[in-house]
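Coordinate inspection notes
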Amino acid sequence: MKGRGALVALLGVLALAVGLWELSGRGPLNPALGPASAAAEDIAASTATVYVSLRIINAALSTAQEIEIGASVGAQASLQPLKVLEPVDDTVERVADVVFAVAAGAALATVGFAPVAALGLCLFGLGCLLRVADDLLVAIDGMRAAAGYAMRLGAVLGVVLPLGFAGGVALGERITEPQWTEAMASLDDVTREARILVGSGIAAELEDASETPVADEMPPSWWDPRAWIGDDITEAVAALGRYREAAVLLMSQADELFRASLTIIGIFALRTLVLPALLLWGALALMRRSAGAG
């Protein structure tokens, strides 16, 4: 009994010392923090990549919707040919907001694991010392129960929580790797098309098509259609045709984009919430059973 008490006291002093050391900001000593911090940083990096891609698509679609084609045929007329992309744009914006929330949570976990784990180690150390005091020095009513509760809660905060998070993220990465690769490939394809849509010079063509011809150009012949309808209308119609092709391409990829976005959100939820929660629940169940058996 004395040997067991000495071991518990030594463990308590060690945990309390490590917790106080980390709370002082001198550096991490808890071995459970390394995997948890690495997992949180991986999630933050992945969400940042997805968020940037979604914002590129969002910016491209928003810019494309605002471009107008105008021409003068007795009266000024203008139209916005890519307003049909507005539902896709709204969906991309909502998904980007969800991904940003996941990224913010991962960043919070990266910063918050260290102080929470340090407090847990301090609580665990105090619980161990109270347990030894109750066994060896003086018995006080309720001290043994309080010591056991402090030890369990401290162990959860200091060790089980960070290791459960790291284990859940690692397990999620392994079992969702095929779905992640496929969804990211689809997202990259749509991102590439969105960049082409705005960056290929179509917007500049549309702006040029709305301007009047330069004065020193040769006037069109009477058989040239531009003599009847004007250069600006002819160029606007041609640019509109190219824009319609781009719009049809993006609309055809709307279902794929929606599917890929939902898959990415589901994978993030599984990696950061579901699997870590299941591992934590299993660890707590084992701790309760061991405490009841003891």
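Each value, and the rule that gives it
- Residues numbered from 1 in each chain as written.
- Predicted model: local features only at pLDDT ≥ 70, side-chain atom pairs only at ≥ 80, totals over all residues.
- Heavy atoms only, no water.
- Salt bridge = Lys/Arg side-chain N within 4 Å of Asp/Glu carboxyl O.
- Helix = DSSP H or I, 4+ residues; strand = E, 2+ residues; numbered from the N terminus.
- Buried < 20%, exposed > 50% of the residue type's maximum accessible area, 1.4 Å probe, protein only.
- Core = buried A, V, L, I, M, F, W, Y, C linked by side-chain atoms within 4.5 Å.
- Contact = heavy atoms within 4.5 Å.
- Phe/Tyr/Trp six-rings, centres within 6.5 Å; stacked < 30°, edge-to-face > 60°.
- Lys NZ or Arg CZ within 6 Å of the ring centre and 35° of its normal.

**Things to note about the pattern of salt bridges**
Evaluated as defined, the whole model comprises two salt bridges. Note that D97 is salt-bridged to R55, the shortest N-O span being 3.3 Å. Taken together, the residues span a long stretch of sequence, with D97 in helix 3 (residues 86-137) and R55 in helix 2 (residues 33-66) at a distance of 42 residues. A relative accessible area of 42% means that D97 is categorised as partly exposed. R55 sits in the partly exposed class, given a relative accessible area of 26%.

**Observations regarding the nonpolar core**
Formed by 23 residues in total, the largest nonpolar core has its most connected members in V50, L54, I57, W180, L187, L257 and I264. Leave out the neighbours within four places in its chain, and I264 touches V50, W180, A183, M184 and L187. With 12 residues, the next largest nonpolar core counts L33, A39, A40 and A109 among its residues.

**Description of the side chain of S186**
If you trace the backbone, S186 turns up in helix 5 (residues 177-199). Overall, S186 belongs to the buried group, its relative accessible area being 13%. Leaving out residues up to four positions away in the same chain, S186 has contacts with E256 and A260.

**A look at the environment of G154**
Topologically, G154 is positioned in helix 4 (residues 143-175). Placed 32 residues apart in sequence, G154 and C122 show a C-alpha to C-alpha distance of 7.2 Å. Excluding residues that lie within four positions of it along the chain, G154 makes contacts with G120, L121, L123, F124 and V159.

**Concerning the environment of G5**
Considering the arrangement of structural elements, one finds G5 in helix 1 (residues 2-23). Since its relative accessible area comes to 10%, G5 is described here as buried. The sequence separation of G5 and L129 amounts to 124 residues, and the corresponding C-alpha distance is 9.3 Å.

**Some details on the packing of aromatic side chains**
With the rule as written, the count across this model stands at three aromatic pairs. An angle of 45° between the planes, with centres 5.5 Å apart, marks the rings of Y51 and F100 as tilted. Taken together, the positions of Y51 in helix 2 and F100 in helix 3 put the pair 49 residues apart, joining distant regions of the chain. Under the relative-accessibility criterion, Y51 is labelled partly exposed at 23%. Seen from the ring of W180, R271 lies directly overhead, with NZ or CZ sitting 5.0 Å from the centre.

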